[in-house]
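As a plain string of letters, each chain reads:
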Amino acid sequence: MLSAVFSFSGRLNRLQYFLGSWGLGTALVVLVVVLLASVGAMSGGGTPGPAALTQLGVTALLALLVIAPIYFWISFSLQARRFRDIGWEPVFVIPAWIGASIVDRIAVMGAPQIAVIHGSGVSWFGLLLNLGLAGCLLFWPGKPPFDVASVFDDVPPPVQPTQARPAAPATARTQPLAAPAGFGRRGL
């Protein structure tokens, strides 16, 4: 069960990716609301005092140290499996996406006037890149399922039902099919 959430292997179709991302975002929002409600309960409904704010800071730091790695792991897992379903190699796409985001943030820090919104840390290039890749993950159709005949040369193509096979003469002796050369289907 946990391999469905934490595994990087396999593929996800568009609906599975959407529902997984939606569930992950909902869980994050619920955790933030619970954290804020606990601070409100500690302050007694009034303005939080210094002790409540200190408790909030400690709780937020612990939550960040525990929840952030889990959130990013699940998020990257969902993205890797969806990229694999599209036909892209996630080992190359995800680091390139992260690298482009870092370069974009550094560019905005060096030239704040290129930011989409002042202080946002994202330029128009970064915004379009993120929207484009998110759109690909949500809307790009996946590749068809794995086809054995397209990988192994010794697998004969399937016979179409509309094609008539020539009948063997009744007097002809049938020979057994010769085994393919090599070891199994893959060959060594």
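For the structure, check the block above.
Residues numbered from 1 in each chain as written. Predicted model: local features only at pLDDT ≥ 70, side-chain atom pairs only at ≥ 80, totals over all residues. Heavy atoms only, no water.

**Regarding the nonpolar core**
Counting residues in each nonpolar core, the largest one holds 13 residues, and the members touching the most others are Leu-78, Phe-83, Trp-97 and Leu-137. For this core, the secondary-structure elements that each account for two or more residues are α2 (14-42), α3 (50-86), α4 (90-110) and α5 (124-139). No other element matches α3, which puts five residues into this core. Not counting residues within four places of it along the chain, the set of residues in contact with Leu-137 comprises Arg-14, Tyr-17, Gln-79, Arg-82, Phe-83, Ile-86 and Trp-97. (Core = buried A, V, L, I, M, F, W, Y, C linked by side-chain atoms within 4.5 Å. Buried < 20%, exposed > 50% of the residue type's maximum accessible area, 1.4 Å probe, protein only. Helix = DSSP H or I, 4+ residues; strand = E, 2+ residues; numbered from the N terminus. Contact = heavy atoms within 4.5 Å.)

**So, the pattern of salt bridges**
Scanning the entire structure with this criterion turns up two salt bridges. Ionic pairing is found between Asp-85 and Arg-11, a salt bridge with its closest N-O pair at 2.9 Å. Of this pair, Asp-85 sits in helix α3 while Arg-11 sits in the loop between α1 (3-6) and α2, placing them 74 residues apart in sequence. When its relative accessible area of 38% is taken as the criterion, Arg-11 is described as partly exposed. (Salt bridge = Lys/Arg side-chain N within 4 Å of Asp/Glu carboxyl O.)

**As for the environment of Asp-104**
Here Asp-104 shows up in helix α4. Judged by its relative accessible area of 7%, Asp-104 falls in the buried class. Those residues in contact with Asp-104 that lie beyond four places of it in its chain are Gly-121, Val-122, Ser-123, Phe-125 and Gly-126.

**As for the layout of surface pockets**
Estimates place the volume of the largest pocket at around 330 Å³. When residues of the lining of the largest pocket are traced back to their parent elements, those giving at least two are α2, α3 and α4. Sorting elements by how many residues they give to the lining of the largest pocket places α3 first, with six residues. Residues of the lining of the largest pocket, tallied by class, amount to nine nonpolar, six polar and no charged. Along the walls of the second largest pocket sit Leu-28, Leu-31, Val-32, Val-34, Leu-35, Ala-63, Leu-64, Ile-67, Ala-68, Tyr-71 and Phe-72, which together make up its complete lining. Broken down by secondary-structure element, the contributors of at least two residues to the lining of the second largest pocket are α2 and α3. It is α3 that contributes the most residues to the lining of the second largest pocket, six residues altogether. (1 Å grid on protein atoms, 1.4 Å probe; cavity = no way out; pocket = protein on both sides within 12 Å on 5 of 7 lines; lining within 4 Å. Points joined across faces, edges and corners; volume = space filled by probe spheres on them. Nonpolar A, V, L, I, M, F, W, Y, C, P; charged D, E, K, R; others polar.)

**Some thoughts on the packing of aromatic side chains**
Counting across every chain of the model gives six aromatic pairs. Here the aromatic rings of Trp-88 and Trp-140 are separated by 5.1 Å at their centres, their planes lie at 65 degrees, and the arrangement is edge-to-face. Of this pair, Trp-88 sits in the loop between α3 and α4 while Trp-140 is found in the loop between α5 and α6 (148-151), placing the two residues 52 residues apart along the sequence. Residue classification places Trp-140 among the partly exposed positions, given a relative accessible area of 40%. (Phe/Tyr/Trp six-rings, centres within 6.5 Å; stacked < 30°, edge-to-face > 60°.)

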